[in-house]
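Each chain, written out:
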Amino acid sequence: MDRNVILSIQDLNIKFTLRGQTLHAIRGVSLDLYDGECLAIVGESGSGKSVLVKSCMGLLDKNGFVDSGSILYDGQDLAKYTKGKEWEKIRGGQIAMVMQDPMTSLNPLKSIGWQIGESLKYHQGLTGEAAKNKVLEMLSDVGIDDPKRRYGQYPHEFSGGMRQRVAIAIAIACNPRILVCDEPTTALDVTIQAQILDLVKDLQKKYHLTTIYITHDLGVVANVADRVAVMYAGDIVEIGTCQEIFFDPKHPYTWALLSSLPQIATAGEKLYSIHGTPPNLFMPVRGDAFAPRNPYALDVDFLYRPPYFEVSPTHKAKTWLLDPRAPKIEPPAVLKEIKNLKALGGEWGEQ
Amino acid sequence: MLQYCLKRIFRACISLIIIIAVVFCLLRLMPIDSYFPNLDDMTETQLYNAKEKLGLNDPVPVQLGKFYTQLLHGDLGVSNRYRVDYPIMKILAKKAPISIKFGLLAMLISLPLGLLLGVLMSRHRNGLIDRIGTGYVVLMQAVPAAVYYLMLQIYGSSWTGLNILYNSNVPSSIILPVVSLALPSIAWYAMWLRRYMVDEENRDYIRMARAKGVPERAIGFNHVFRNAIVPLIHGIPSSLLLTISGSIYVESLYSIPGMGGLLVEVIKMQDNSMVQALVIVYAALGIIGLLLGDILMAMVDPRISLTKKEGAR
Ligand SMILES: Nc1ncnc2c1ncn2[C@@H]1O[C@H](COP(=O)(O)OP(=O)(O)OP(=O)(O)O)[C@@H](O)[C@H]1O
Ligand SMILES: [Mg+2]
């Protein structure tokens with residue numbers, strides 16, 4: 001894999017103000033994104049996945065702001081951007097995004113040809129006949145049959161899966177270097193999910209995209225990702241290659257996530273679920289945010305926040321269990337059940 | 001699209017036919033006196049003959065049938081008190097164009113100004129323009145129209161030297177009444193457009209447009225405004241027709257010989273056939289307003305035209 005860093009997030013803190021209170025949504029995230037890779041971000045709802053990627057495009061809601069830290073892209077610190085004009089160059093053209101719900105992410109009053117053409121106009125300077133030809137090409141690229149007829153149709157004439165294909169075409173038409181997919185398949189049914197996933201993989205190769213793929217579904221991760229970042233309560237608690245995360249996880253939260261995979265559950269036994277709730281981010285978090293829910297928590301977990309411990313050059317985790325002074329604790333036995341990634345991603349078909 | 005329009009027109013006709021029947025029957029329930037100013041002096045035979053002449057001795061359904069045929073020929077009947085035995089159509093033909101002229105002129109001013117104000121208010125939300133605009137809207141809504149109409153008439157004419165009454169020979173005398181009519185409409189357009197635009201701002205497709213790097217101005221026009229105007233468009237024909245038919249205050253303040261106060265006047269005079277004709281005309285205007293609204297809406301919103309369905313899976 002090419003090891004050029006394309007996007008580098010350093011010690012990023014993002015806060016929201018809500019009715020006079022401050023919510024600390026991203027708590028000191030550092031992350032390097034390598035050129036050409038596919039990075040998956042997993043973690044439960046509210047862990048800050050969307051906020052993290054939105055901050056890289058200046059798409060935070062109005063009450064959100066970068067409190068400290070930097071987002072380095074192409075020699076510039078995006079965290080310092082304030083004006084819409086500056087962001088317009090990044091959005092779409094450098095970093096493009098596919099959103100979760102294709103039913104609401106297309107403008108209902110504009111034909112899909114127009115909407116793809118809009119991307120071309122602002123990022124590739126194409127208009128008129130040239131743009132139209134390019135749009136037709138994009139449509140067949142994302143697997144829409146009969147592009148000529150589809151060109152003039154409106155979103156309501158498309159099914160959910162087809163709309164998501166259109167949304168992907170819109171993102172790709174901007175000619176971005178980084179494609180962010182924020183749970184692009186969550187709103188779709190399983191068979192369509194698999195198709196969209198394959199499409200993203202194909203396009204990544206064809207257009208040399210670096211992809212950030214946000215999902216709840218570890219089966220998807222096993223199928224698409226080169227590296228996996230596990231988020232909990234606004235922080236990346238563990239990051240490593242797909243192999244490392246699935247076969248040699250170090251953080252108790254990752255253990256818990258993997259244990260709750262339906263694919264490794266034994267028939268007849270209750271599916272594992274993580275007890276408790278994530279911390280309230282309106283309050284300062286003391287120690288390891290996961291400690292109260294962590295059956296393996298040490299005393300120190302409640303007092304001090306763990307730093308990253310490096311497991312391998314590509315693998316690190318924030319847990320005191322990796323400290324040399326910590327007692328040796330074996331990961332839960334069920335994790336041994338994970339034998340190969342193919343089996344995990346099984347329902348996604350062969351690749 | 002054509003199919004949709006035909007369907008709508010068909011439905012509008014049905015509603016109109018029903019309304020006419022209801023109005024007609026209700027007025028048959030009224031005491032017969034109002035048709036004959038000198039009822040007390042009439043003998044039984046005279047009354048019978050007079051009723052026969054008006055067709056009032058037939059059973060109601062027959063009368064109704066005759067009335068429909070009459071309407072189809074563009075005949076609304078004759079007035080029996082307002083101007084005895086004068087065709088109602090002719091009365092309206094003289095008065096309606098004046099009201100229509102004022103209504104159209106008022107809309108010509110209020111629509112662009114109202115939309116502009118609405119756009120500015122939503123663009124600078126919570127800013128100065130928004131506050132001033134909101135104040136204006138609240139004023140228009142809360143203060144009875146008669147108050148600011150009157151103020152405008154008195155101060156408007158004394159400060160600018162414009163005529164205090166309408167005079168068809170002095171073109172500038174239309175300014176004050178037209179402005180009066182436009183003021184509340186401007187508030188109406190601005191209020192709703194602002195509201196719809198603020199709603200649109202939070203849509204996913206606006207985020208999507210932003211995420212694909214479309215400049216704010218283009219987002220504002222192609223996405224926010226374009227979507228926000230749709231529900232507003234639906235109400236425009238109705239509000240125009242309302243201005244035309246209902247500007248009672250303004251027309252009486254400036255003594256404009258339009259049809260604004262006509263209905264009240266003929267009700268007071270118990271001119272049954274005039275009441276009947278006017279109620280039907282107003283109902284028709286209302287239905288036409290809704291119909292035009294539906295058709296305009298279908299023109300700007302592709303989701304509405306019910307044809308072309310085959311693409312959806
Ligand atoms: N506009 C906002 N105002 C206040 N808090 C916000 C806002 N947007 C996000 N948050 C908070 O930030 C945290 C992270 O939200 P985010 O949407 O990134 O979660 P997520 O990991 O993407 O979850 P999901 O998997 O459900 O999409 C949540 O606690 C959320 O409540
Ligand atoms: Mg999210």
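A brief report on the enclosed structure follows. (Residues numbered from 1 in each chain as written. Chains lettered and ligands numbered in written order. Predicted model: local features only at pLDDT ≥ 70, side-chain atom pairs only at ≥ 80, totals over all residues. Heavy atoms only, no water.)

1. Remarks on the packing of helix 5 (residues 128-142) of chain B against helix 7 (residues 175-201) of chain B
In helix packing, the relevant descriptors are the interaxial angle and the interaxial distance, both defined with respect to the helix axes.
All names here are of chain B.
Right, so step 1: Following both chains from N to C, one finds helix 5 and helix 7 inclined at 125 degrees, their axes separated by 9 Å at the closest point. Comparing the axis directions of helix 5 and helix 7 gives the class oblique. Two packed elements cross with a definite hand, and for helix 5 against helix 7 that hand is left-handed. Here helix 5 contributes Asp130, Tyr136, Val137, Met140 and Gln141 to the contact with helix 7, which in turn contributes Leu183, Pro184, Ile186, Ala187, Met191 and Arg194.
Right, so step 2: Taken together, the residues of the contact of helix 5 with helix 7 break down into 8 nonpolar, 1 polar and 2 charged. (Axes fitted to C-alpha atoms, helices over the stretch in contact; angles between N-to-C directions. Helix = DSSP H or I, 4+ residues; strand = E, 2+ residues; numbered from the N terminus. Parallel < 35°, antiparallel > 145°, perpendicular 65-115°, else oblique. Left-handed = near helix turned anticlockwise from the far one by under 90°. Contact = heavy atoms within 4.5 Å. Nonpolar A, V, L, I, M, F, W, Y, C, P; charged D, E, K, R; others polar.)

2. Notes on the environment of A:Asn107
Right, so step 1: Within the element layout of this structure, A:Asn107 appears in the loop between strand 6 (95-98) and helix 3 (112-123).
Right, so step 2: Note: C-alpha distance between A:Asn107 and A:Ala233 (126 residues apart in sequence) is 33 Å.
Right, so step 3: Excluding residues within four positions of it along the chain, A:Asn107 makes contact with A:Gln115, A:Pro155, B:Tyr205, B:Asn222, B:His223 and B:Asn227.
Right, so step 4: Of the polar contacts made by the side chain of A:Asn107, one reaches the side chain of B:His223; its length is 2.8 Å. (Polar contact = N/O pair within 3.5 Å; in protein donor to acceptor, adjacent residues only side chain to side chain.)

3. Describing the interface of chain B and chain A
Right, so step 1: Chain B puts 26 residues into the contact, and the matching count from chain A is 33 residues.
Right, so step 2: In total, chain B and chain A occlude about 2700 Å² of area from one another, counting both sides; carbon and sulfur atoms represent 57% of this.
Right, so step 3: In this assembly, chain B and chain A are joined by 1 salt bridge.
Right, so step 4: Between A:Glu118 and B:Lys212 there is a salt bridge, with its nearest N and O atoms 3.0 Å apart. (Buried area = accessible area lost by both parts, 1.4 Å probe. Salt bridge = Lys/Arg side-chain N within 4 Å of Asp/Glu carboxyl O.)

4. Some words on a nonpolar patch on the surface
All names here are of chain B.
Right, so step 1: A cluster of nonpolar side chains, Phe10, Ile14, Ile18, Val22, Leu26 and Leu29, forms an exposed patch at the surface whose accessible area comes to about 630 Å².
Right, so step 2: Checked against the element boundaries, Leu29 lands in the loop between helix 1 (2-28) and helix 2 (44-54).
Right, so step 3: The exposed category is assigned to Leu29, whose relative accessible area is 70%. (Patch = residues over 30% accessible without salt bridge, like charges linked within 9 Å, V, L, I, M, F, W, Y side chains within 5 Å. Areas by Shrake-Rupley, 256 points an atom, 1.4 Å probe, with all protein chains shown as cover. Buried < 20%, exposed > 50% of the residue type's maximum accessible area, 1.4 Å probe, protein only.)

5. A closer look at the pairing of strand 8 (residues 210-214) of chain A
All names here are of chain A.
Right, so step 1: Taking burial as the measure, the 5 residues of strand 8 include 5 buried ones, the bulk of the element.
Right, so step 2: Burial of strand 8 is two-sided: the residues Thr210, Ile212 and Ile214 facing one way and the residues Thr211 and Tyr213 facing the other way are all buried.
Right, so step 3: Relative to strand 8, strand 3 (residues 38-42) is paired through 4 bridges, and the arrangement is parallel. In the sheet register, Leu39 faces strand 8, and the bridge partner there is Ile212.
Right, so step 4: Two elements, strand 7 (residues 178-182) and strand 8, share 5 bridges in a ladder whose sense is parallel. Considered in strand 8, the bridge of Val180 is made with Ile212.
Right, so step 5: What joins strand 7 to strand 8 is helix 7 (residues 190-207), and the crossover it makes is right-handed. (Pairing = 2+ DSSP bridges. Right-handed = clockwise from strand over helix to strand, strands pointing away.)

6. Focus: the pairing of strand 2 (residues 21-34) of chain A
Residues and elements named next belong to chain A.
Right, so step 1: In this sheet, strand 2 lies alongside strand 1 (residues 5-18) in antiparallel orientation, the contact comprising 11 bridges. Looking at strand 2, one finds that Leu12 is bridged to Val29.
Right, so step 2: Linking strand 1 back to strand 2 in an antiparallel pair, the connection comprises 2 residues, with Arg19 at a positive phi of about 45 degrees.

7. Focus on the site of ligand 1
Residues and elements named next belong to chain A.
Right, so step 1: Taken together, 16 residues are adjacent to ligand 1, and Ser45, Lys49, Ser50, Val51 and Asp61 come closest.
Right, so step 2: Separating an oxygen atom of ligand 1 from a backbone N or O atom of Gly46 is a distance of 2.9 Å.
Right, so step 3: In the environment of ligand 1, an oxygen atom lies 3.0 Å from a nitrogen or oxygen atom belonging to the side chain of Glu183.
Right, so step 4: Against a free-state accessible area of 630 Å², the protein chains account for coverage of 73% of ligand 1.
Right, so step 5: Of all the secondary-structure elements, those providing two or more residues to the shell around ligand 1 are strand 1, strand 2 and helix 1 (49-55).
Right, so step 6: Ranked by the residues each element gives to the shell around ligand 1, the list is headed by helix 1, at 3 residues.
Right, so step 7: Looking at side-chain class alone, the shell around ligand 1 contains 5 nonpolar, 7 polar and 4 charged residues. (Near = heavy atom within 4 Å.)

8. Looking at the environment of B:Asp58
All names here are of chain B.
Right, so step 1: Here Asp58 shows up in the loop between helix 2 and helix 3 (60-72).
Right, so step 2: The exposure class assigned to Asp58 is partly exposed, which follows from its relative accessible area of 22%.
Right, so step 3: Those residues in contact with Asp58, other than ones at most four positions away along the chain, are Gln63 and Lys66.

9. Quick word on empty space enclosed by the protein
Unfilled space is identified by rolling a water-sized probe across the atoms.
Right, so step 1: Going through the model one piece at a time under the given rule, you end up with 5 cavities of 30 Å³ or more.
Right, so step 2: The space that makes up the largest cavity amounts to roughly 70 Å³.
Right, so step 3: As for the largest cavity, its lining consists of A:Arg27, A:Tyr232, A:Asp235, A:Val237, A:Gly287, A:Asp288, A:Ala289, A:Arg305, A:Pro306 and A:Lys318.
Right, so step 4: Within the lining of the largest cavity, the residues separate by chemical class into 4 nonpolar, 1 polar and 5 charged.
Right, so step 5: Taken as a whole, the second largest cavity encloses approximately 50 Å³ of empty space.
Right, so step 6: In this structure, the second largest cavity is lined by B:Gly103, B:Ala106, B:Met107, B:Ser110, B:Ser185, B:Tyr189, B:Ser239, B:Leu240 and B:Thr243.
Right, so step 7: Breaking the lining of the second largest cavity down by element, the ones donating at least two residues are helix 4 (88-123), helix 7 and helix 9 (216-246) of chain B.
Right, so step 8: If one sorts the elements of the lining of the second largest cavity by residue count, helix 4 of chain B sits on top with 4 residues. (1 Å grid on protein atoms, 1.4 Å probe; cavity = no way out; pocket = protein on both sides within 12 Å on 5 of 7 lines; lining within 4 Å. Points joined across faces, edges and corners; volume = space filled by probe spheres on them.)

10. Focus on the sheet that holds strand 1 of chain A
Residues and elements named next belong to chain A.
Right, so step 1: Across the sheet, 4 strands lie side by side as 2-1-4-5; this open sheet has antiparallel pairing. Since the sheet does not close on itself, it has two edges, and those belong to strand 2 and strand 5 (76-77), each with one partner.
Right, so step 2: Sheet topology note: the strand 4 (residues 64-73)/strand 5 ladder contains 2 bridges and is antiparallel. Bridging across to strand 5, Leu72 finds its partner in Asp77.

11. Digging into the pattern of salt bridges
Right, so step 1: Within this structure, the stated rule accounts for 22 salt bridges over all chains.
Right, so step 2: Here A:Lys206 makes a salt bridge to A:Asp141, at a shortest N to O gap of 2.8 Å. Here the residue A:Lys206 occupies a position in helix 7, and A:Asp141 occupies one in helix 4 (residues 128-141), the gap between them amounting to 65 residues.
Right, so step 3: Residue classification places A:Lys206 among the partly exposed residues on the basis of a relative accessible area of 49%.
Right, so step 4: Three or more residues joined by partner-sharing salt bridges are found here, namely B:Arg123, B:Glu201, B:Arg210 and B:Glu216.

12. A look at the packing of aromatic side chains
Ring pairs (aromatic) are described by centroid distance and by the angle formed between their planes.
Residue and element names in this part refer to chain A.
Right, so step 1: Using the criterion set out here, one finds 14 aromatic pairs over all chains in the structure.
Right, so step 2: Seen in terms of ring centroids, Tyr81 and Trp87 are 5.2 Å apart; in terms of plane orientation they differ by 75 degrees. Their pairing is edge-to-face.
Right, so step 3: Of the residues examined, Tyr81 reaches a relative accessible area of 14% and is grouped as buried.
Right, so step 4: By relative accessible area, which is 7% here, Trp87 ends up buried. (Phe/Tyr/Trp six-rings, centres within 6.5 Å; stacked < 30°, edge-to-face > 60°.)

13. Quick word on the nonpolar core
Note on soluble globular proteins: their nonpolar side chains tend to be buried together.
Residue and element names in this part refer to chain A.
Right, so step 1: Core analysis: the largest hydrophobic core is formed by 106 residues, its most contacted members being Ile116, Ile168, Ile178 and Val221.
Right, so step 2: At 8 residues, the largest contribution of residues to this core is made by helix 6 (residues 160-173).
Right, so step 3: A domain split of this core shows at least three residues from each of domain 1 (36-62 + 85-229) and domain 2 (246-350).
Right, so step 4: With residues up to four places along the chain from it excluded, the contact list for Ile178 reads Ile6, Leu7, Leu33, Tyr73, Gln94, Ile95, Ala96, Thr210 and Ile212. (Core = buried A, V, L, I, M, F, W, Y, C linked by side-chain atoms within 4.5 Å. Domains from an automatic or database assignment.)

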